Amino acid sequence: MKIHRFIGDYDLSKKEVKITNPENIKQIKGVLRMKKGDVIMLSDGKGVSAEITIDSISPDKIMCKINKPAAAKSFGTAKQVNLYLAILKKENFELAVQKAVECGVSNITPIITERTIKTGLNMERLEKIILEASEQCGRDIVPTLFPILKFENALAYGIGAGEKIIFHVGENNLYKPNQSAKSVSIFIGPEGGFTDNEIALAKESNYKVASLGPLTLRGETAAIVATYRAVRGI
């Protein structure tokens, strides 16, 4: 039986915990129709989780007793994966963010490239998508959404990773994850890909140019595939 998970600013070091988040209360009471004695999981979004039993439910709060701490969910690797994704159309970018979270991404940074058409994002909505995706897939640590960066600045931020990859359409070098790297920065371009100038700048910063295969993938698809492979090391 699935135990529903909720992530929030919870102090799980005590014997009792109070849920006051209106959205969590609405979900528990109205949608899931849970009652006293039901068991849920709470996480602080920073790696600490606990199994909780509902003790009482009122309109503005839910009181719970902590049963036991829970082991952190592992995605099969300790590697930190930083996704730098060119801004796409709203629904495409949101899909990429949601699935990247489910694949195990650590951080997501939207970037503006030479071929980027849309330059604005609803960051509050994206934060909500990241939180809900983290709850849905059972993550204990919520990925960080960083502010929008221009391509050149993003290269500078990503340069500190043990592995630095920029994916480019038509590149013959098939991506093979560095198994020993503890962190990786992956760059995914917009529809139409990166320009020759951007690829040259990436090479100057010691980024490896790679491909995800012979097929031309949409930006959101490339982001999902690249994240999954980087996390899993396959």
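It should be noted that the structure appears before, not after, this text.
Given the structure is predicted, the values throughout are model-derived calculations rather than measurements. (Residues numbered from 1 in each chain as written. Predicted model: local features only at pLDDT ≥ 70, side-chain atom pairs only at ≥ 80, totals over all residues. Heavy atoms only, no water.)

1. With respect to the nonpolar core
Applicable threshold: For our purposes a nonpolar core is just a set of buried Ala, Val, Leu, Ile, Met, Phe, Trp, Tyr and Cys residues, chained together by side-chain atoms within 4.5 Å. Burial classes: relative accessible area under 20% of the type maximum marks a residue as buried, over 50% as exposed, and values in between as partly exposed (1.4 Å probe, protein chains only). Contacts were defined at the residue level, with two residues in contact if any of their heavy atoms lie within 4.5 Å.
Ranked by internal contacts, the top residues of the largest apolar core, which has 28 residues, are L83, L85, F167, I186 and I188. When neighbours within four sequence positions are excluded, L85 is seen to be in contact with F93, A96, T109, P110, I111, I188, G219 and A223. Counting 16 residues, the second largest nonpolar core, distinct from the first, contains I19, M34, I40 and I66.

2. Remarks on the state of the cysteines
When the sulfur atoms of two cysteines share a covalent bond, that bond is a disulfide. Inclusion rule: The disulfide definition used here is simple: a pair of cysteine sulfur atoms within 2.5 Å.
Throughout the structure, instances matching the rule amount to 0 disulfides. Among the cysteines around C103, which has no disulfide bond, C137 carries the closest sulfur, lying 9.1 Å off. The class for C103 is buried, based on a relative accessible area of 12%.

3. Structural notes on the packing of helix α4 (residues 151–158) against helix α5 (residues 196–204)
Put simply, the test is: Comment: axis = line fitted to C-alpha atoms, over the contacting stretch for helices; angle = value between 0 and 180 degrees taken between N-to-C directions. Elements are defined by DSSP. Helices are runs of H or I of four residues or more, strands are runs of E of two residues or more, and each kind is numbered from the N terminus. Note that the term roughly parallel is reserved for angles under 35 degrees, roughly antiparallel for angles over 145, roughly perpendicular for angles of 65 to 115, and oblique for everything else. Crossing handedness is read from the near helix: turned anticlockwise from the far helix by less than a right angle, it gives a left-handed crossing, and turned clockwise, a right-handed one.
Between α4 and α5, whose axes approach to 11 Å, the crossing angle comes to 25°. The angle between α4 and α5 places the two elements in the roughly parallel class. Here α4 runs over α5; the crossing is right-handed. Residues F151, E152 and L155 of α4 lie in contact with α5, whose contacting residues are E198, L201 and A202.

4. Thoughts on the environment of K176
Here K176 shows up in the loop between β10 (163–167) and β11 (183–188). Between the alpha carbons of K176 and I234 there is a distance of 7.0 Å; along the sequence they are 58 residues apart.

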